[in-house]
Amino acid sequence: MEKWDGNEGTSAFHMPEWMKQEFNKRPTKIGRRSLSRSISQSSTDSYSSAASYTDSSDDETSPRDKQQKNSKGSSDFCVKNIKQAEFGRREIEIAEQEMPALMALRKRAQGEKPLAGAKIVGCTHITAQTAVLMETLGALGAQCRWAACNIYSTLNEVAAALAESGFPVFAWKGESEDDFWWCIDRCVNVEGWQPNMILDDGGDLTHWIYKKYPNMFKKIKGIVEESVTGVHRLYQLSKAGKLCVPAMNVNDSVTKQKFDNLYCCRESILDGLKRTTDMMFGGKQVVVCGYGEVGKGCCAALKAMGSIVYVTEIDPICALQACMDGFRLVKLNEVIRQVDIVITCTGNKNVVTREHLDRMKNSCIVCNMGHSNTEIDVASLRTPELTWERVRSQVDHVIWPDGKRIVLLAEGRLLNLSCSTVPTFVLSITATTQALALIELYNAPEGRYKQDVYLLPKKMDEYVASLHLPTFDAHLTELTDEQAKYLGLNKNGPFKPNYYRY
């Protein structure tokens, strides 16, 4: 055993011979350029292997230029690589374990086939959780065709598994804008098949049908929409008198707002930032733009990690909530020079402008937790004087002429689903809500729903919540007849009026 010189302390450590040999093998000089390249390369490799099989393929050929068939001989799909199906199937099976309500719904209702005859065209994130939803809809009798609502969130191996199972899926990670609309069109424009239900996330599918195939709405029974952005578009159509079918606003159902938007973002914001930047949160100054349910989740997570969190808001009620929760309410201009991270979650456009970007400190991280890529003015950064440098998957350095750089994540698109994953259990809640909304609209007698936007019935919200309680071995208290009469309630619910704010 090698010895330490006790009189000299640790500085007098005599290096063992084997250590000297290993040390001497290493290069004594390394240029800054090659060092940064080696770090970037190793970071990219670790990201790719950890995140998904999606990024592991070296094949740069566009899926649109490939001729692929599944094992049954069908070519009615377009994915990155159908050979990844086995990996995707494993991911779907893992997701099923964390989606108890959806699996329970599949088991209870597949005998009745409440969606028999339904032809659902969908445009959502294509993940393992979405696959469980799609296969549940299929088990309940529906035919489905699917595209992705985000060019970065598709898991290629999951898309392959769905295609192998016979689902016409048109999506892959890293689509161009042209690819994005082409995939949607391939779902909608197919000979001998016309949708009668729409499941949308962001409103792009609905917009495309209105723009290109308006006559299809004669046979469509309804739209189910789950995002803030998409719901906003639906209300605009309704206000203008252009909404020609009933629509279900899933985004504002209690189970979506309080669980997917709040609890999901509370966990996934940290995951997305860690995977892309490897940063430490303690002591960092962060500004979160927007204090809705998504903003609340982001702020709570960052505060718990020791970050100093500022909030911007336009709504005085949300602003007061932020203040009462211990956050400093500011205008973005007041803190833009000092913050380390800027996070948008408003659903608005141009929340972070070129002027803000110009004033940010060196190495400021900029990202978006809203559905649409409109919140950060990324287009203003594509100018000749700025240099873009890809660091790793979904991470870009945008460099100013004076050497200042910002770290832009996912090119301003949705951070958590573009750069990491989201908790499966929470998505079970949203997916079950979507499935029930589709069943409700599809089976509703003519006249129950007019050409307007509706919220999910309160009883259905409560049913979704109740399906998830057994996971926690939770035991609900039941009202006595006397208590129910006193409160003026049915013993089985609904337990709150529609105007109640949870």
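Residues numbered from 1 in each chain as written. Predicted model: local features only at pLDDT ≥ 70, side-chain atom pairs only at ≥ 80, totals over all residues. Heavy atoms only, no water.

Chemist: How should the side chain of Arg413 be read in this particular structure?
Modeler: You can see Arg413 is positioned in the loop between strand S14 (405-409) and helix H15 (415-419). Accessibility expressed as a relative area gives 13% for Arg413, which makes it buried. Among all residues touching Arg413, those that are not within four sequence positions of it are Asn150, Ile151, Tyr152, Glu177, Asn368, Asn373 and Ser418. (Helix = DSSP H or I, 4+ residues; strand = E, 2+ residues; numbered from the N terminus. Buried < 20%, exposed > 50% of the residue type's maximum accessible area, 1.4 Å probe, protein only. Contact = heavy atoms within 4.5 Å.)

Chemist: What is the right way to read the sheet that holds strand S12 (residues 387-392) from this model?
Modeler: Two modes of strand pairing occur in sheets, parallel and antiparallel, and in both the strands are linked by backbone hydrogen bonds. Judged by pairing direction, the sheet is mixed, and its eight strands sit side by side in the order S9-S8-S7-S10-S11-S14-S13-S12 without closing on themselves. Here the strands that pair on one side only, and so sit at the sheet edges, are strand S9 (328-329) and S12. The pairing of strand S10 (residues 341-344) with strand S11 (residues 364-368) spans four bridges and is classified as parallel. Within S11, the position partnered with Val342 by the bridge is Val366. (Pairing = 2+ DSSP bridges.)

Chemist: What's the story with the environment of Thr127 in this structure? I'm lost.
Modeler: By secondary structure assignment, the location of Thr127 is in the loop between strand S1 (119-124) and helix H5 (128-139). With 297 residues separating them along the chain, Thr127 and Thr424 place their C-alpha atoms 9.9 Å apart. Residues in contact with Thr127, not counting those within four places in the same chain, are Ser153, Leu155, Val158 and Leu417. Among the polar contacts made by the side chain of Thr127, one reaches the side chain of Gln129 at a distance of 2.9 Å. (Polar contact = N/O pair within 3.5 Å; in protein donor to acceptor, adjacent residues only side chain to side chain.)

Chemist: I'm lost on the packing of H5 against helix H16 (residues 424-443) in this one. Help?
Modeler: In a packed pair of helices, the relevant descriptors are the angle between the two axes and the axis-to-axis distance. For the pair H5 and H16, interaxial distance at closest approach is 10 Å and the crossing angle is 30°. By the angle between their directions, the pair H5 and H16 is classed as roughly parallel. Here H5 and H16 pass one another in a crossing that is right-handed. When H5 is examined against H16, the residues Gln129, Leu133 and Leu137 are found in contact with a partner set consisting of Thr424, Leu427, Ala431, Gln434, Ala435 and Leu438. Its residues assigned to classes, the contact of H5 with H16 shows six nonpolar, three polar and no charged. (Axes fitted to C-alpha atoms, helices over the stretch in contact; angles between N-to-C directions. Parallel < 35°, antiparallel > 145°, perpendicular 65-115°, else oblique. Left-handed = near helix turned anticlockwise from the far one by under 90°. Nonpolar A, V, L, I, M, F, W, Y, C, P; charged D, E, K, R; others polar.)

Chemist: What am I meant to see in the packing of aromatic side chains here?
Modeler: How two aromatic rings sit relative to each other is given by the distance of their centres and the angle of their planes. Tallied over the entire structure, the rule returns nine aromatic pairs. Their ring planes at 20° and their centres at 5.2 Å tell us that Trp181 and Trp208 sit as a pair that is stacked. Of the two residues, Trp181 is situated in helix H7 (residues 177-188) and Trp208 in helix H8 (residues 204-212); the sequence distance between them amounts to 27 residues. Assessed through its relative accessible area of 25%, Trp181 is described here as partly exposed. In textbook terms, an aromatic cluster arises when at least three aromatic residues are bridged by ring pairs, as seen for Phe180, Trp181 and Trp208. Taking NZ or CZ as reference, Lys303 lies 5.1 Å from the ring centre of Phe327, over its face. One cation-aromatic arrangement involves Lys404 over Trp400; the distance from NZ or CZ to the ring centre is 4.1 Å. (Phe/Tyr/Trp six-rings, centres within 6.5 Å; stacked < 30°, edge-to-face > 60°. Lys NZ or Arg CZ within 6 Å of the ring centre and 35° of its normal.)

Chemist: Can you walk me through the UniProt feature "binding site: NAD(+)" (unreviewed entry) in the chain in this structure?
Modeler: Feature annotation in UniProt places "binding site: NAD(+)" (unreviewed entry) on Gly292, Glu293, Val294, Gly295, Lys296, Gly297, Glu313 and Asn416, given in this structure's numbering. If you trace the backbone, Gly292 turns up in the loop between strand S7 (285-289) and helix H11 (293-304). Among the residues examined, Gly292 registers a relative accessible area of 27% and is labelled partly exposed. Its location among the elements puts Val294 in helix H11. The class of Val294 is buried, set by a relative accessible area of 17%. When residues no more than four places from it in sequence are discounted, the contact partners of Val294 are Asn261, Cys265, Cys345 and Met369. (UniProt positions renumbered as here; feature names shortened; annotations may be inferred.)

Chemist: Just checking my understanding: could you explain the pairing of S12 for this structure?
Modeler: Regular strands have side chains that alternate between both faces of the sheet. Note that S12 and strand S13 (residues 395-399) share five bridges and pair antiparallel. Looking at S13, one finds that Arg390 is bridged to Asp396. Counting the residues that bridge the hairpin from S12 to S13 gives two residues, and of these Gln394 lies at a positive phi of roughly 70°.

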